[in-house]
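Observations on chain architecture
The primary structure of each chain is shown beneath.
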Amino acid sequence: MRTDRLTLLLLILPGAGFIFLFLAAAIAMTVLQSVGLYSLVGESKLTFEHWFSLADRTFVDSFLFSLKVGVGSAFGTLVFSYPLALFLRRRRYGTQLIGSIIKIPLFVPALVAAFLILNVLAFHGILNSTLLGLGIIDRPLRMLNDKFGWNVLIIQIWKNLPFQLLILAATLESIQTDIEDAARNLGASPWRVIRHIILPLSAPGILIAVVLVFILTFGDYAITKVAGPVYPSSLSVLMYTEAFTLQQWGSAACIGVVITFASLLFVAIYARAARAVAEIGQ
Amino acid sequence: MTDMALAIPPPHIRRRIGLKGFLVGLSVALLLVWTAVPLFMAVMWSLVNPDDPWSPPAVLPPSFSLAQWEYVFTFSEIGKAIVTSFVLAPVVTILSFILSLPTAYAIGRLSFRGKEALRLLILLPIVLPAMVIAMFLSRTFYAFGLAQTFLGLVLGHTLLSMPYMLRILATAFEAIPQDVIDAARNLGAGRLELVRHILVPMVLPGLMAGSVFTFITSLEEFNLTFVIGTPTFQTIPTVLFDYLGYHFVRTNAAVVSIVLMVPSIALLLIAERYLKTEYLSSAFGKL
Amino acid sequence: MTTRRVFLSAIMGLAGLLGAYQPASAADDLLKMPWDKVVEAAKAEGQATFYAWWGEEFWRTAAKDFEAKYGIKVDVVTGDRTATIGKVVSEAPSAEGSIDALLIGGVELKSLLDAKALYGPLVGVIPGSDKLDPALSKEQEGYATNGYLVPVYRNQTGFVYDPEKVPAPPQTWAEFTAWLDANPAQFAFNDPSKGGSGQAFVQAAIVNILGDQDKYASDTEMKEEKVADWGKVWEWFNANEDKFTITASNNDSIDRVNQGEVLMAAAWDDDTAVSLSKGTLFKRAKLYVPALGMPGGGDSLGIPANAKHKAAAMLFIAYLIEPEVQKKLNATIGSYLARVDVSGENALIPEDQRQKNGRPWLPGAYKGYFIQQFVSEVLQK
């Protein structure tokens, strides 16, 4: 169906125009303030001093921490979500129930998820009590605000598992079952079918699932703030502290630019992967 | 996955139903532990009796009381926050719907150049880091007098939650087979009838799913509300953040968590039949 | 039509003039007016908005009682402290702000004083304000408050502990370090950038390791030569890294004691009292100020210079420092009264211990510096 350009523009404008306007305003403000322009306090002039101020330990440590959380959550979730998606692929007794239960954390807000998991991991929380009761450990483990960030990783995995599962389920669903059936009829073991047929065909879907969880966790503020280690903080937390506690909006903007462009880079990777999935589907 | 017809298991699966059944049972049990135990602990913390503290070695609170609930509802901001949250979310959902409808129609039914890029653009608000958007949008909002106002919150929330409405509606429009429309046309259906009898019923499930996601996203939104709205406006998540952060009080946090979580999960359960896998994955993933 | 429009705009212009003129003159007068006139003006205003970042139970109860007494409705808002102070500062340039009175404390109060965003001076004008803790009335966080801040409560840091497992808690610095050696990882304090009780412990370490707290007193700017030897303190922290548990907030430290993760932690008296009353800390827990000295201070009330209901705000502040209300504050949230002529019953720390072992805070400039140094020299190592 062909529509004339004006009608098309009028149709697209309300939704896309709204998003474009506000995102452009936010990103432009970030970029401009990172080079000293449009600063609401103090004088505005073009300067790169804020960028030079990033070259310190705190920024590097926060960057590495955010990277670790992003990569760790993305792959950590995959370890659980992929087998589950394979398992749920064929409809059996109980899969519907599992499908419903597993969706629940998707609707649990990030802050609540953080709180829920913190209770489980507390010094005398249910996990330590169980491990003690089973005789696996002699003393409770100290898991709160740990230096590595295990806390944050566990919360992110809990929160993002259903989300990755949905994407993987959709990908696996698009793989035609006849190839698989043929292989099986030729006597291939289930493991070989997974390894040589399903895994390669679902690779772009896996990439999407991994990249999306990475993007969503890399820029996290709330969970790291509540459950993260005492030091370092995530990039978003560092950015907030710079801006609101230290009133250094310039350096905050630089951190904002770094997070935004890192995310955009991954969005680009994601877009390519998504196109590949679409092609497989056809 | 949920849409697949219930198939009779082929013989080789039927043979091992005992083992499979056991595995299914085990995974259901594990999943229940995985999702339900954290929820259960929050309920326990919200019922701690102030006169009978819960401290180790007690695995559960020694006695229960509703005093923590009473405290939170008498003294905290939660009352006002519930009102703000539940006025904001429907307004945002309706605004998102109005803005999304034409654009989703264009993406779902029309072919034009740059559609891929457009789809990517409308995904950005949910994949770009919310704190960055919140903080630097707030700078613009302060300049236009929108910060610390209800209108500012509506606009900000709409930005962050509309993508779900847009993408799911677009998927719903896309899913209408062209032959159904053609057939209706051939049978002499007018524009209005086409809309009323074909488009509306076929898009309605998508609209429901989109609304649920938009509503819940607004309900859960923290970063932007915290930067643009507080302290003038508090929503349930900002109250929760207060009790989790600087002013950490586990029992209060437990109560507020439940207040925040229950409507979302209830909505999920009520709307489950609309939440088809294709909508969910189109909301987050597929291009 | 035109005449009507002219008439209307004339009225509106007049109203605008009056509106712009009247509050200014009335506001000036409030500080000089006899108090009963202020009360009258407050009743005429009929309402006020009060912001605080904690202690919701007390403020809301007090607001209700205040309304019953004067018929003035006080809307209590509890929200993030940084956000509230940021709001007052960002509203300061406009003629009318939306906050009438607020609780003020912490190092952020400097930005309020710098922006000249407060109305006053109030100390000496508000009845009863001459009975408040004299030191706290002059200076807070090392900054001269010039009477713009009215102290509302005092608070004190100390160590909270489990008396069953720590029958004789350490008093002197030597005893404390020996205790640490004997009980590794059993002492908790929070990251000093996330709450005052952690700052209190870091300050206690600085003062005990290097001695001479007085040399920092009343410096509004940090003097480099006075912090030259602080490296020794950071060395001590790094050498004993494994003997501490560093937590995420004031209350998190108390929670770790309740969970049995640590035996002792640095904590505020009021936070401890609230935890005890909320059932989030076991009842046998005790709090004391060790002889090695721990800082204490207090928080204050203030009125933004552009508040709409200044008289009502003044009356509410006057109410909050009345002896009976002060006692109620102490009973509800455990903070100690700002008034020195009455005493409260909910004192986790006996008054003589508070006097003997309590110390003032280092001036804000030094406090800000050690918070930042702790991050770069201890946490980053």
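Refer to the preceding data block for the structure.
Source: prediction; values computed, not measured. (Residues numbered from 1 in each chain as written. Chains lettered and ligands numbered in written order. Predicted model: local features only at pLDDT ≥ 70, side-chain atom pairs only at ≥ 80, totals over all residues. Heavy atoms only, no water.)

Some thoughts on the overall build of chain A
Heads up, the rule is: Numbering goes from the N terminus for both helices and strands, where a helix is a DSSP run of H or I of at least four residues and a strand is a run of E of at least two. Accessible area is worked out with a 1.4 Å probe on protein chains only. A residue is then buried under 20% of its type maximum, exposed over 50%, and partly exposed in between. Throughout, a contact is declared for two residues whenever any of their heavy atoms are within 4.5 Å. Per-residue and other accessible areas were derived by the Shrake-Rupley procedure at a 1.4 Å probe size, with only the shown protein chains allowed to occlude residues. The charge count includes Lys and Arg as positive and Asp and Glu as negative, but it does not include His or the ends of the chains. Here the site of a charge means atom NZ of a Lys, CZ of an Arg, CG of an Asp or CD of a Glu.
For chain A, the count of helices and strands is twelve helices and zero strands. Taken along its principal axes, the extent of the C-alpha atoms in chain A is 75 × 70 × 30 Å. Every one of the 282 residues in chain A was classed for burial, and the buried ones make up 56%. Contacts in chain A between residues at least 24 apart in sequence constitute 70% of all its contacts with a sequence separation of at least 6. When the accessible surface of chain A is totalled, it reaches about 12,300 Å², and 68% of it is carbon and sulfur. Taken together, the 20 basic and 14 acidic charged side chains of chain A have centroids lying 7 Å from each other.

So, the packing of aromatic side chains
Residues and elements named next belong to chain C. Heads up, the rule is: Only rings of Phe, Tyr and Trp enter the pairing, Trp through its six-membered ring, and a pair is recorded when the two centres are within 6.5 Å. The plane angle decides the type: under 30 degrees is stacked, over 60 is edge-to-face, the rest tilted. Think of it as a cone above the ring: NZ of Lys or CZ of Arg counts as a charge over the ring if it is within 6 Å of the ring centre and within 35 degrees of the ring normal.
Summed over all chains, the structure comprises 64 aromatic pairs over all chains. Ring geometry for Phe 159 versus Phe 176: centroids 5.5 Å apart, planes at 40 degrees, classification tilted. Remark: Phe 176 occurs in helix α7 (residues 173–182) and Phe 159 occurs in strand β6 (residues 150–161); sequence separation between them is 17 residues. In this arrangement the basic side chain of Lys 310 is found over the ring face of Tyr 119, its NZ or CZ atom lying 5.1 Å from the centre.

Structural notes on the environment of A:Glu43
Residues and elements named next belong to chain A. Among the secondary structure elements, Glu 43 is positioned in the loop between α1 (5–34) and α2 (49–53). Of the residues examined, Glu 43 reaches a relative accessible area of 64% and is grouped as exposed. When the C-alpha positions of Glu 43 and Val 31 are compared, they lie 17 Å apart, and in sequence the two are twelve residues distant.

A look at the interface of chain B and chain A
One widely used convention gives an interface's size as the accessible area the parts lose upon coming together. Keep this limit in mind: Defined in terms of a 1.4 Å probe, buried area is the accessible area two parts forfeit on being brought together, summed over both. Any Lys or Arg side-chain nitrogen found within 4 Å of a carboxyl oxygen on Asp or Glu counts as a salt bridge. As used in this structure description, the phrase polar contact means that two N or O atoms lie within 3.5 Å; if the pair is within protein, one of them must be able to donate a hydrogen and the other to accept it, and residues adjacent in sequence are counted only when both atoms belong to side chains. Gly is placed with the polar residues, together with every amino acid not listed as nonpolar (Ala, Val, Leu, Ile, Met, Phe, Trp, Tyr, Cys and Pro) or charged (Asp, Glu, Lys and Arg).
Across the contact, 89 residues belong to chain B and 90 residues belong to chain A. Interface area for chain B against chain A, summed over the two sides, is near 8,400 Å², with a carbon-plus-sulfur share of 79%. Between the two partners, chain B and chain A, sit zero salt bridges. If you look at where chain B meets chain A, you find seven residue pairs in polar contact (both at pLDDT 80 or more). Here the element with the most residues in the side of chain B that touches chain A is helix α2 (residues 17–46) of chain B; it accounts for 15 residues. Each residue belonging to the side of chain B that touches chain A can be placed in one class, and the counts come to 65 nonpolar, 15 polar and nine charged.

With respect to the packing of helix α5 (residues 110–121) of chain A against helix α13 (residues 250–270) of chain B
Threshold: In this analysis, axes come from line fits to C-alpha atoms, helices being fitted only over the stretch in contact, and the angle between any two N-to-C directions falls in the range 0 to 180 degrees. For this classification, under 35 degrees means roughly parallel, over 145 means roughly antiparallel, 65 to 115 means roughly perpendicular, and everything else is oblique. Note: crossing handedness is left-handed where the near helix turns anticlockwise from the far helix by less than a right angle, and right-handed where it turns clockwise.
Relative to each other, α5(A) and α13(B) sit at 130 degrees, their axes nearing to 10 Å. The angle between α5(A) and α13(B) falls in the class oblique. As α5(A) packs across α13(B), the resulting crossing turns out to be left-handed. For the pair α5(A) and α13(B), contact is made by A:Val112, A:Phe115, A:Leu116, A:Leu118 and A:Asn119 and by B:Arg250, B:Ala253, B:Ala254, B:Ser257, B:Leu260 and B:Met261, respectively.

Re the side chain of B:Ser264
You can see B:Ser264 is positioned in helix α13. A relative accessible area of 0% places B:Ser264 in the buried class. Not counting residues up to four positions away in its chain, the partners in contact with B:Ser264 are A:Phe107, B:Ile216, B:Leu219 and B:Glu220.

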